[in-house]
Amino acid sequence: MLDQRQKIIGEDTVLFEHIWKTGKGFYITVSILGALVLLGLYAYITQYRTGLGVTGLSRQIFWGVYITNFVFFIGISHAGTFISAVLRILKAEWRRPISRASELTTVFILMFGVGSVLIDLGRPDRMLYAIRYAHFRSPLLWDVCSIATYLTVSSISLYLALIPDIAMLRDLGGKREWFYRILSLGWRNTESQHRRLERAIGFVSVLVIPVMITVHTVVSFVFAMTIQPLWHSAIFGPYFVVGAIFSGVASVIVVMAVLRKAYHLESYIKPIHFNNIGIFLMAMTLLWFYFTFAEYITIVYGNDPVHMAIFWSKISGKFSPLFWLHFTLCFVIPLPILAIKKYRTIRGTVIASISIVLGMWLERFVIIVPTLTRQRMPIQGAYYIPTWVEWSILAGCISLFMLLYTLFTKVFPIVPIWEVREGREKAAATVAARITSYMPETGTDLNLPSPGGRG
Amino acid sequence: MYDKSKIIPALVIFLGLATYPIWHNTVSGKARYVPKPELPTDKAKKECVEPKTFIRVNHKTLLEDWKFSVVRNGIRTYQASNKKAYTISLNRTCMNCHTDKTKFCDQCHTYMGVTNKCWDCHIYPKQLSPGPLAMRGP
Amino acid sequence: MQFDRRGFLKITGLTLLGLSAKPGWEVFSKIDQPEPSPMAESLAKIRWAMAVDLKKCWSAKEGCRDCIDACHRIHNVPNLGTLKEEIKWTWTEPYEKVFPEHELEYSEENHRDKPVLLLCNQCDDPPCVKYCPTRATWRREDGIVMMDFHRCIGCRYCMAGCPYGSRSFNWRDPRPFIKKINPEYPTRTRGVVEKCNFCVERLAQGLIPACVEACKEKALIFGDLKKPDSEVRKALQNRVIYQRHPELGTKPKVYYIL
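A quick note: this is a predicted structure, and the numbers were derived from the prediction, not measured. (Residues numbered from 1 in each chain as written. Chains lettered and ligands numbered in written order. Predicted model: local features only at pLDDT ≥ 70, side-chain atom pairs only at ≥ 80, totals over all residues. Heavy atoms only, no water.)

A.B. asks: So what's going on with the packing of helix 10 (residues 236-262) of chain A against helix 11 (residues 271-302) of chain A? Which residues, and what values?
C.D. replies: Residues and elements named next belong to chain A. The interhelical angle for the contact between helix 10 and helix 11, taken along N-to-C directions, is 155 degrees, at an axis separation of 9 Å. Compared by their axis directions, helix 10 and helix 11 come out roughly antiparallel. Here the hand of the crossing between helix 10 and helix 11 comes out left-handed. Residue composition of the contact of helix 10 with helix 11, by class: 20 nonpolar, five polar and two charged. (Axes fitted to C-alpha atoms, helices over the stretch in contact; angles between N-to-C directions. Helix = DSSP H or I, 4+ residues; strand = E, 2+ residues; numbered from the N terminus. Parallel < 35°, antiparallel > 145°, perpendicular 65-115°, else oblique. Left-handed = near helix turned anticlockwise from the far one by under 90°. Nonpolar A, V, L, I, M, F, W, Y, C, P; charged D, E, K, R; others polar.)

Here it is in structure tokens:
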């Protein structure tokens with residue numbers, strides 16, 4: 001019995017430990033997060049009972065923090081898929097230890113994206129009317145469809161890669177064996193099961209990429225389909241997708257750093273991971289800047305007074321502090337950190353990532369709110385200061401996300417053990433074979449004429 | 001069966017507690033309570049838009065249909081089965097006879113634990129009294 | 001023919017995909033199917049419109065609010081007393097804000113600050129209708145853009161879609177803020193959007209809109225555009241007329257005569 005346990009655990013004790021061992025830190029984290037969730041819940045109950053008047057929203061600026069959260073959370077959810085699916089397709093071996101952490105981010109944060117819209121409704125009791133009386137000309141319904149698809153596909157993708165690990169936990173026995181037995185779907189670790197699983201994961205990975213791009217494109221369409229100044233822009237689809245991957249990858253770096261520290265995964269999540277993702281993040285920083293530049297230069301050069309009014313309110317008007325703060329956080333701070341190799345350490349990439357995550361929340365805010373201050377007519381009383389209710393709900397959402405994440409790691413391993421092992425056992429040989437296949441053919445049977453006849 | 005001596009008394013206690021409201025109400029006589037919606041006494045107001053039996057079962061769908069008819073189709077008269085035409089209006093037709101919803105609608109709704117949101121927006125005539133009835137519309 | 005499970009699933013999937021092609025096409029093609037209504041035919045013979053004669057309006061004593069008060073009284077529009085949660089069906093804005101495209105700097109008459117009455121434009125191609133996820137707002141065949149308070153979920157996307165700012169949202173329960181409730185028209189609950197409805201409930205009784213009736217200067221002219229001899233058609237004849245932002249293609253049906 002002990003032998004079998006030893007065989008299953010092997011040299012990866014650390015990866016199981018966070019499920020079995022519950023330290024003081026866990027309880028402290030859970031109680032702090034739980035308290036914040038309760039605060040958010042209290043804020044929502046207050047809003048539900050008295051109406052949206054408890055927020056800072058007004059007749060003029062009727063969308064604010066909640067819609068910002070919606071776009072922001074859905075943006076974050078893009079990285080998980082991106083990192084795990086794209087790297088899987090590209091056969092990047094270093095993705096193995098981090099793929100589950102990023103997929104989990106996707107699945108959990110996506111729920112809060114959906115939740116934010118529901119929180120924003122004036123009559124949440126009627127939310128199902130959107131399905132009962134669905135009007136498919138409304139971009140909001142496109143969102144409903146694409147987000148539902150995305151949530152389904154990314155949950156499947158997460159679950160598929162979990163099955164072999166669940167089976168391992170089942171074989172280890174213990175109190176929760178019945179639970180793992182149900183979820184492992186009869187996984188016996190046979191050759192044919194492996195082949196099928198690989199095929200299924202490969203299929204889902206390919207499927208999820210177009211879905212992911214659709215999701216954020218459609219989220220941007222909520223704004224781009226209106227005729228409001230600075231929303232009605234053809235560039236919004238790709239601009240939002242780039243911003244989504246940008247903020248999402250940054251948040252995955254933060255998640256990785258936290259997991260590494262909290263669960264002692266130093267030998268699995270290494271500086272090289274931060275370095276590799278950091279380089280990608282730098283490319284995204286530049287791409288984000290390119291899109292932002294393209295968006296605004298078109299406005300400025302066109303010089304349409306309706307658009308320019310909003311533009312100036314961002315550049316030098318009342319939204320300028322927020323605009324320049326978001327620009328600094330998204331570009332000025334992260335770019336040098338990520339570009340200079342000396343700074344692209346774990347600490348450096350984490351600092352850059354936190355800056356980007358904050359900056360991208362502000363970016364969504366700066367896209368949504370200024371447009372509402374003057375829709376073709378300067379409006380009186382267009383000011384917006386979010387109230388405690390909105391901040392509490394934001395804090396509650398983020399805390400609940402972290403809480404769910406923490407609880408998940410109490411039940412399932414956060415590093416995909418079987419994938420890491422597969423990498424250890426087979427990857428080197430596969431990669432070597434792949435590299436050989438790229439190389440120009442050499443060998444004695446190829447009688448190439450030697451150059452210059454010197455041989 | 002294991003632990004017979006514990007399980008059976010516990011089951012009896014549980015059932016007793018779970019059915020307590022029924023016992024309590026039977027003993028106190030509340031179970032025999034029958035809601036009594038107050039009908040208008042005025043002779044002219046004796047006839048409803050449809051027969052009593054129909055209204056009793058279908059008043060909910062009838063009101064839903066009326067709502068849909070006025071708001072979405074713009075049809076404001078109802079051809080009743082008794083060949084009469086009625087103006088479709090909760091306020092002006094229904095509540096013209098049943099002036100007080102607390103004495104009519106609520107009688108059964110409260111008894112059955114049904115809540116409806118009609119009166120969040122619509123106004124029944126008695127609601128505005130005491131005090132002068134607010135301005136008469138056109 | 002023999003089916004295994006995979007084959008069955010494949011065929012089912014393809015069938016579903018095929019069946020969804022037509023509804024999918026209808027969604028994205030431009031034809032907006034009107035809601036089937038038995039009244040459609042008789043309503044389609046009418047096109048309600050309003051003209052605002054600005055000169056007449058400005059001849060009233062300063063600060064005249066007769067039309068606005070009548071509208072808000074009849075429709076139980078609350079007065080919340082703050083700009084933040086303001087609800088308005090009709091209101092005024094200075095001329096230069098309403099028509100920013102008009103050159104006023106060198107024009108002789110100084111009507112830059114004169115009030116212009118604003119209300120829902122009852123567009124022929126209303127943007128708000130497209131955005132509503134539940135069809136709580138839609139266009140009737142006689143041109144009135146309707147609002148179904150029973151169905152509104154309060155997402156406020158119509159407000160984002162309306163380029164005229166004609167829509168208001170109920171940030172809290174409006175009832176305590178209505179001075180005198182008119183029992184003939186419902187109030188609203190918190191969390192729904194509302195706007196001018198061209199007094200559809202009065203039109204059904206053969207009356208003209210409340211604001212038109214209330215105007216002592218006869219500056220508001222209401223009628224059926226499809227009738228050549230209607231008052232509104234006469235008022236528009238041989239006059240310079242403006243609409244708000246006609247370049248947006250919404251085809252507003254509230255005209256301003258100067």
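A.B. asks: Could you give me a rundown of empty space enclosed by the protein, with the residues and numbers involved?
C.D. replies: Under the definition given, this model contains eight cavities of 30 Å³ or more. Of the volumes computed, that of the largest cavity is approximately 230 Å³. Forming the boundary of the largest cavity are 20 residues, of which Arg59(A), Ile379(A), Tyr164(C), Gly165(C) and Ser166(C) lie nearest the centre. The residue inventory of the lining of the largest cavity, partitioned by class, reads nine nonpolar, five polar and six charged. (1 Å grid on protein atoms, 1.4 Å probe; cavity = no way out; pocket = protein on both sides within 12 Å on 5 of 7 lines; lining within 4 Å. Points joined across faces, edges and corners; volume = space filled by probe spheres on them.)

A.B. asks: Report on the interface of chain C and chain A, specifying residues and quantitative values.
C.D. replies: The interface is formed by 51 residues belonging to chain C together with 46 residues belonging to chain A. Summing the contributions of chain C and of chain A, the shared interface buries around 4,200 Å²; its carbon and sulfur component is 55%. By the criterion of area lost to chain A, the three top residues of chain C are Lys84(C), Tyr157(C) and Trp171(C), representing 17% of everything that side buries. The tally of links between chain C and chain A comes to one salt bridge. Residue Asp120(A) pairs with Arg156(C) through a salt bridge whose shortest N-O separation is 2.7 Å. Elements with a contribution of two residues or more to the side of chain C that touches chain A: helix 1 (5-28), strand 2 (91-94), helix 5 (95-98), helix 6 (127-131), helix 7 (157-161) and strand 6 (168-169) of chain C. (Contact = heavy atoms within 4.5 Å. Buried area = accessible area lost by both parts, 1.4 Å probe. Salt bridge = Lys/Arg side-chain N within 4 Å of Asp/Glu carboxyl O.)

A.B. asks: Break down the environment of Glu419(A) for me, citing the residues and quoting the values.
C.D. replies: Residues and elements named next belong to chain A. One can find glutamate 419 in helix 17 (residues 417-438). In this structure glutamate 419 comes out as buried when scored by relative accessible area, which is 2%. Sequence separation of glutamate 419 and alanine 161 is 258 residues, and the distance between their C-alpha atoms is 8.4 Å. In contact with glutamate 419, not counting residues within four places along its chain, are Arg88, Arg95, Arg96, Ser99 and Ala161. At 2.9 Å, the side chain of glutamate 419 forms a polar contact with the side chain of arginine 88. Reaching out from glutamate 419, the side chain makes a polar contact with the side chain of serine 99 at a distance of 3.4 Å. (Buried < 20%, exposed > 50% of the residue type's maximum accessible area, 1.4 Å probe, protein only. Polar contact = N/O pair within 3.5 Å; in protein donor to acceptor, adjacent residues only side chain to side chain.)

A.B. asks: Residue-level account of a positive patch on the surface, with values.
C.D. replies: A contiguous patch of positive charge on the surface is contributed by Arg195(A), Arg196(A), Arg199(A), Arg5(C), Arg6(C) and Lys10(C). When residues of the positive patch are traced back to their parent elements, those giving at least two are helix 9 (191-224) of chain A together with helix 1 of chain C. Within the element layout of this structure, Lys10(C) appears in helix 1. For Lys10(C), a relative accessible area of 59% gives the class exposed. (Patch = residues over 30% accessible without salt bridge, like charges linked within 9 Å, V, L, I, M, F, W, Y side chains within 5 Å. Areas by Shrake-Rupley, 256 points an atom, 1.4 Å probe, with all protein chains shown as cover. Lys, Arg positive; Asp, Glu negative; His and termini not counted. Charge placed at Lys NZ, Arg CZ, Asp CG, Glu CD.)

A.B. asks: How would you sum up helix 3 (residues 52-73) of chain B? Please name residues and give values.
C.D. replies: Taking 1.5 Å of rise per residue, the 22 residues of helix 3 of chain B would be expected to cover 32 Å, yet its terminal C-alpha atoms sit only 27 Å apart, more than 12% below that figure. Those residues of helix 3 of chain B that fall on the buried side of the exposure criterion are Ile55(B), Leu62(B), Trp66(B), Ser69(B), Val70(B), Val71(B), Arg72(B) and Asn73(B). Close packing links the buried residues of helix 3 of chain B with strand 1 (77-79), strand 2 (85-87) and helix 4 (90-97) of chain B together with strand 4 (137-139) and strand 5 (145-147) of chain C. Of the residues one or two after helix 3 of chain B, Gly74(B) is the one with positive phi, at around 75 degrees. (Expected span 1.5 Å × (residues − 1).)

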